Amino acid sequence: MKKHPDRVFHLSIAVIAIFVTIVSVLSMIYEQMPPAVGRVLSFTHIWSSLHAKSPWLGGTAQTVVGAVGRASGGESVRDKSAQQPANQTLLNDIHIEAVGKGATAEDVANAKRLLEQVGAPLLIEKTTGMPLRQPVTIEMIGNTSAYDGALTSLGVNASEASSLSKDTGGFTQNSTILIPLGQNKDNADLANTLTHELTHAIFNQNISSLPSWMNEGIAVYMGMTGQKSVENAMAYAGYERQLAESIVDVAKQNQLQPLEADESVILSGQTDYDYELQDWLAVSDLISTDGLPALQHYLSLLQNHMDEATAFRTAFGQTESAFDANLTKLLRASAAAADDGVTLGFHITSQFTGKIDFLQHGKTEWQGVMAKPGDYQITVLGDGRLEGALPAVSPTPDIDPADTNTIYISLTPSGRLTWQGEKVTDCGFAFNVRDGLYSFEDTWISLASGQTLYESTPTLFGVTITSESEVDAANPIVTLL
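The text that follows walks through the structure, step by step, so that each part is easy to find.

What counts as what
Residues numbered from 1 in each chain as written. Predicted model: local features only at pLDDT ≥ 70, side-chain atom pairs only at ≥ 80, totals over all residues. Heavy atoms only, no water. Helix = DSSP H or I, 4+ residues; strand = E, 2+ residues; numbered from the N terminus. Buried < 20%, exposed > 50% of the residue type's maximum accessible area, 1.4 Å probe, protein only. Contact = heavy atoms within 4.5 Å. Axes fitted to C-alpha atoms, helices over the stretch in contact; angles between N-to-C directions. Parallel < 35°, antiparallel > 145°, perpendicular 65-115°, else oblique. Core = buried A, V, L, I, M, F, W, Y, C linked by side-chain atoms within 4.5 Å. Salt bridge = Lys/Arg side-chain N within 4 Å of Asp/Glu carboxyl O. Nonpolar A, V, L, I, M, F, W, Y, C, P; charged D, E, K, R; others polar. Pairing = 2+ DSSP bridges. Phe/Tyr/Trp six-rings, centres within 6.5 Å; stacked < 30°, edge-to-face > 60°.

1. Some remarks on unusual backbone geometry
Phi is mostly negative for residues that are not glycine, and the peptide bonds are mostly trans.
Okay, step 1: In the Ramachandran plot, Asn174 falls in the positive-phi region, its phi being about 55° despite a non-glycine side chain.
Okay, step 2: Tracing the backbone shows Asn174 in the loop between strand 4 (170-173) and strand 5 (176-180).

If you want it as structure tokens, here you go:
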């Protein structure tokens, strides 16, 4: 049995961060006040292009159905579900239009469907306590030239607009949102970006001053929540863990910057990782520890013009610097957490007969079980041994050198498997493993022709991986995800 070939998912996060740096600088240049939080550039979805090209950074969104809101040009569209009237009322104040060659009426309709499925305006209000007060315009932009022009029309100078149009997944100024379709390749990306940017627009309508790290951290938190509601659960969990691990790795190298220095460090050009991800984990920690009421209280205090330091101390019972120090300790503790293995949930149908083999990262011997229809929990321990209800089979040595960062799960059928009429020679699932975090990467199918195909959801020939949890439940980063 074989492991699938090495691919681009082994690309270092540190390399990606160099690319992020340029856009981060532009982000701060274009964050102006007033009005409200001003002009906010989202560079989190620089990840979008990588997400599309690299299966380790994400998955395929599930199909969404239904229509919502008003079509471009003001035409009414009937809400067939009528399940969330309050959200529907808010959605009626979000006007979406297609801009430029390549953007279509279907892109407008799809954005409306995603906003409805996520319940974005009401979700943001319930999370932050900040309502949508004024209509928002979202421009779905079909090409780089049109994005250039839209940015210029909002006051961005031509040279900077050219850079931004190539690299950013979304741009918000006041209550106008620009969404470049080329940077948002699938519904998972698009749901994330729409929710992220709508969060900025709602903040612009409610708060005159908000710390950069909190502004971006909440927007990323909301975007990830939106993505989670439309994406395959395992694909989302893998993507989320990969992003979190990139910041754990920075903490392990003692390179974290203080949250309060976020803006100044980015402007200095000294960034070497994506601060938005650190901001996201910080907000996740606040919510995990103090709950949404504390976050909402903090934002309401800022809305009523309390100074930022006093508002933070009042709402969360500590200073920003003390919180930042505790967050750094949490991330370093996560980096030092033991790797005791992973427990995977399986749903097996009668479609598959044969065995399922596991190769833990760093090991050279496959451990296997015989497949039976049903739902099972199988634990792959850190030393490669298996625990679970399915009967074990004899171990098999691997012919390749040990892979230190991937656990492979291979399906070995008792009969012949075909994929679109072609014989399958090898197939299975891969999980990335770093700092004790296990994240789904992809499903692979190797064909007799020599071609290897990759799928972004963990379902294959009647075998589905339904859940994943680290054996070391005490790993503190897991509580934030």
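2. Considering the environment of Leu381
Okay, step 1: Within the element layout of this structure, Leu381 appears in strand 9 (residues 374-381).
Okay, step 2: In this structure Leu381 comes out as buried when scored by relative accessible area, which is 13%.
Okay, step 3: The sequence separation of Leu381 and Gln360 amounts to 21 residues, and the corresponding C-alpha distance is 8.0 Å.
Okay, step 4: If sequence neighbours within four positions are ignored, Leu381 has contacts with Asp340, Gly341, Gln360 and Glu387.

3. Brief notes about the packing of helix 4 (residues 105-118) against helix 8 (residues 187-206)
Okay, step 1: Running from amino to carboxyl end, helix 4 crosses helix 8 at an angle of 70°, the nearest separation of the two axes being 10 Å. With respect to their mutual orientation, helix 4 and helix 8 come out roughly perpendicular. The residues of helix 8 that touch helix 4, namely those facing Asn110, Ala111, Leu114, Leu115 and Val118, are Asn187, Leu190, Ala191, Leu194, Thr195 and Leu198.

4. Comments concerning the nonpolar core
Okay, step 1: Judged by nonpolar contacts, the single largest core of 74 residues is most densely connected at Ile138, Met214, Tyr298 and Leu331.
Okay, step 2: Counting 32 residues, the second largest nonpolar core, distinct from the first, contains Met234, Phe358, Ile378 and Phe440.

5. As for the pattern of salt bridges
Okay, step 1: What the rule picks out here adds up to 7 salt bridges.
Okay, step 2: A salt bridge links Arg241 to Glu468; its shortest N-O distance comes to 3.2 Å. Here Arg241 is found in helix 10 (residues 233-252), whereas its partner Glu468 is found in strand 18 (residues 463-470), with 227 residues between them in sequence. The residues Arg241 and Glu468 share a single accessibility class, namely buried.

6. So, the packing of helix 9 (residues 212-228) against helix 12 (residues 275-290)
Okay, step 1: Remark: helix 9 packs on helix 12, axes separated minimally by 7 Å, with the N-to-C direction vectors making an angle of 80°. Looking at the two axes, helix 9 sits roughly perpendicular to helix 12. Only Glu276, Asp279, Trp280, Ala282, Val283, Ser284, Leu286 and Ile287 of helix 12 make contact with helix 9, whose side of the interface consists of Ser212, Trp213, Met214, Glu216, Gly217, Ile218, Val220, Tyr221 and Met224.
Okay, step 2: Looking at the contact of helix 9 with helix 12 residue by residue, the classes come out as 11 nonpolar, 3 polar and 3 charged.

7. Focus: the pairing of strand 7 (residues 354-359)
Side-chain direction in a regular strand flips from residue to residue, so the side chains alternate between the two faces of the sheet.
Okay, step 1: Most of strand 7 sits out of view: 6 of its 6 residues are buried.
Okay, step 2: As judged from the 6 bridges shared by strand 7 and strand 12 (residues 406-413), these two strands associate in the antiparallel manner. Within the sheet, the bridge partner assigned to Gly354 lies in strand 12 and is Pro413.
Okay, step 3: Strand direction decides the pairing type here: strand 7 and strand 8 (residues 365-370), joined by 4 bridges, are antiparallel. For Asp357, the partnering residue across the bridge sits in strand 8 and is Gly368.
Okay, step 4: Counting the residues in the hairpin turn of strand 7 and strand 8 gives 5 residues, including Gly362, whose phi is positive at 80°.

8. Overview of the packing of aromatic side chains
Okay, step 1: For the structure shown, the criterion picks out 11 aromatic pairs.
Okay, step 2: A ring pair is formed by Tyr273 and Tyr275, whose centres lie 4.6 Å apart and whose planes are at 85°; its orientation type is edge-to-face.
Okay, step 3: Residue class for Tyr275 comes out buried when judged on its relative accessible area of 2%.
Okay, step 4: The interplanar angle of 85° and the centroid separation of 6.0 Å between the aromatic rings of Trp419 and Phe461 together place this pair among those described as edge-to-face. Pair noted here: Trp419 is in strand 13 (residues 418-419) and Phe461 is in the loop between strand 17 (459-460) and strand 18, with a separation of 42 residues, a long-range link.
Okay, step 5: By relative accessible area, which is 21% here, Trp419 ends up partly exposed.
Okay, step 6: Grouped by ring-pair contacts, the aromatic residues Trp213, Tyr298, Phe312, Phe316 and Phe323 constitute a single cluster.

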